[in-house]
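# A structural walkthrough
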Amino acid sequence: MPVNSAVNTMPVYIKACVQLFLLMLIGMLLYWGRDIMVPFAFALLVAVLLLPLNKWLETKKCNRVLAIFFTVFITVVFFIALFYFLTTQLIDFTQDIPAIKKQLSRHLSVVQSWLSAHFNITRQDQAVMVNDAADNIKASGVIGNTVLSVTEIISVLVLVPVYVFLLLYYRDMIYTFFLRVFGNNNTDKVKDVLKESRYIVQGYMFGLLIEMGIVALINAAGLLALGVQYAVFLGVFAALLNMIPYVGMLIASVFCALVTLSTSNQLSDVVGVVVILTVVQFVDNNVIMPRVVSSKVKINALITILGVLIGGALAGVAGMFLSIPTIAILKVIFDRTDGMQPWGLLLGDEVQPDKRNIFFKKRLAAPLPPAEQLNNNSEVAG
């Protein structure tokens, strides 16, 4: 019996179990090999982003090696400049850490006094609770994960440029490999998947860079108008964290509020920072993101949140960032793979029509099909 026939005659629940098992197996492999896959995934995104510039240089009679070297060099210079800017801002921030600690201790003393007065919790009991929380954090391995993430960042900075260069250089061979490995019968589908995946990744990355720039400018302008210390650093830092959907801006708001609390005597400054970041997030989610980024990636909010959490569990912060383009590519693959279309529908943002919707009512009011077709449909359903 042919393989396709055997798969088609397989019960639905068995096919669903097989598909779930394969997805779980892929997740396990990604978790075990994240130290290898994370740098390669970042390199793949950067290579796809740089592909138009690389092709344009080659059309101008530029040697492929020189064209790739030029594009990679521009990218490295951009990230070095961004890293230098953040480092200089961070140095200014760390120089004021003693004063920040002193200010934060004063605020903490006020909070402890308030807790003692209103909840009858002594300072000794509060100290015990804080120590227990610190022990739980150490036991959970958060500190070890932080050291590991720093090591991963160093490996990414070293390996990504090399991977990008090789991916761009061998792109024709990789393209031919995908065409041949799936056979001649699936050539058109493979071409469509590769083409649409490239467009999605390019649109998403370009849109994300534009969105980051806009959010950084709005954040910095708002914080500068408020007179907050380290306004530029906090604005850019919040914009970088905003690249992680939903979770990033929440972390940025908490961090910026704590820094403002430790550098200002006015509670109104903290409230102003939270209000500014909340308004910027609202504008970003409802105006900037739909127009600049979400138009390229058709993924619903539920899958986005789950994907970010799963990506964080598999590969930390890098997994959170990589989750959205990965899910977008998976949706393209599912939509063009027999038997996987329901998974593509689950990932997408196509909302089913509401029965109370006027368009649904018009559909019900449409003329019925001929009697012969109704009989055929009844026979099939029976």
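The shown structure was predicted, so the numbers you read here are calculated from the model rather than taken from an experiment.

Conventions used here
Note on numbering: residues in each chain are counted from 1, in written sequence order. Totals for whole chains, interfaces and linings use all residues, but because this is a predicted model, local features are given only for residues with pLDDT of at least 70 and pairs of side-chain atoms are given and counted only at 80 or more. The side-chain values count all of the structure's non-hydrogen atoms but skip hydrogen atoms and water molecules. Side-chain rings of Phe, Tyr and Trp (the six-membered ring for Trp) are treated as a pair once their centres are within 6.5 Å; stacked means planes under 30 degrees apart, edge-to-face means over 60, and tilted covers the remaining angles. Relative accessible area decides the class of each residue, using a 1.4 Å probe on protein chains only: under 20% of the type maximum gives buried, over 50% gives exposed, and in between gives partly exposed. The secondary structure listing takes helices from DSSP runs of H or I that are at least 4 residues long and strands from runs of E that are at least 2 residues long, numbered from the N terminus. Throughout this description, the term salt bridge denotes a Lys or Arg side-chain nitrogen within 4 Å of a carboxyl oxygen of Asp or Glu. Scored between 0 and 100, pLDDT is the confidence that the predictor attaches to each residue. The contact criterion used is simple: two residues touch if any of their non-hydrogen atoms lie within 4.5 Å. Here, nonpolar core refers to any group of buried Ala, Val, Leu, Ile, Met, Phe, Trp, Tyr and Cys residues whose side-chain atoms link them within 4.5 Å. Put simply, a patch holds well-exposed residues, over 30% relative accessible area, that have no salt bridge, with like charges counted together within 9 Å and Val, Leu, Ile, Met, Phe, Trp or Tyr side chains within 5 Å. Reported accessibility uses the Shrake-Rupley method at a 1.4 Å probe radius. Residues are deemed covered only where the shown protein chains occlude them.

### Overview of the packing of aromatic side chains
Overall, the coordinates contain 8 aromatic pairs when judged by the stated rule. Measuring from centroid to centroid gives 5.4 Å for F177 and F178, while their planes differ by 65 degrees, and the two rings are edge-to-face. Relative accessible area serves as the criterion here: at 31%, F178 is assigned to the partly exposed category. Their ring planes at 25 degrees and their centres at 5.9 Å tell us that F233 and F237 sit as a pair that is stacked. With F233 and F237 both in helix α10 (residues 231–241), this residue pair falls 4 residues apart, about one helical turn.

### Points about α10
Counting buried residues along α10, 8 of its 11 residues qualify, which places the element largely inside the surrounding structure. Within the span of α10, buried status applies to A231, F233, L234, G235, V236, A238, A239 and L241.

### Some points on the pattern of salt bridges
All told, the structure shown has 5 salt bridges when counted by the stated rule. The salt bridge partner of R64 is E58, with a shortest N-O separation of 3.1 Å. The partner of D335 in a salt bridge is K331, and the shortest N-O contact between them spans 2.8 Å. Residue D335 and its partner K331 are both found in helix α13 (residues 301–335); the two are separated by 4 residues, about one turn of the helix. Taking the relative accessible area as the measure of exposure, K331 reaches 10% and is therefore buried. Through salt bridges with shared partners, a single ionic network connects E58, R64, R171 and D172.

### Focus on unusual backbone geometry
For K61, which is not a glycine, the phi torsion comes out positive at approximately 65 degrees. Take K61: it is sitting in the loop between α3 (34–59) and α4 (64–95). Assessed through its relative accessible area of 78%, K61 is described here as exposed.

### Quick word on the confidence of the model for the protein
Counting all residues, the mean pLDDT for the protein is 75, and 74% of those residues have values of 70 or more. The secondary-structure element of the protein with the lowest mean pLDDT is helix α16 (residues 371–381), recorded at 44, while helix α8 (residues 171–181) shows the highest, at 89. Note on residues 371–382: pLDDT under 50 across the span, and 1 contact to partners over four residues away in sequence or across chains.

### Examining the nonpolar core
Most often, soluble globular proteins keep nonpolar side chains buried together rather than apart. If you look at the biggest cluster of nonpolar residues, it comprises 62 residues, and the most contacted ones within it are F42, V164, L168, M205, L223, L234 and F321. Counting residues per element, the ones that place at least two in this core are α3, α4, α7 (142–169), α9 (187–226), α10, α11 (247–263), α12 (267–292) and α13. The biggest single contributor to this core is α13, with 12 residues. If sequence neighbours within four positions are ignored, L168 has contacts with A47, L50, L51, R64, I68 and T71.

### Description of a nonpolar patch on the surface
On the surface, a nonpolar cluster with roughly 880 Å² of combined accessible area is contributed by I14, V18, F21, L22, L25, M28, L29, Y31 and W32. With respect to the helices, strands and loops of the structure, F21 is situated in helix α2 (residues 12–32).

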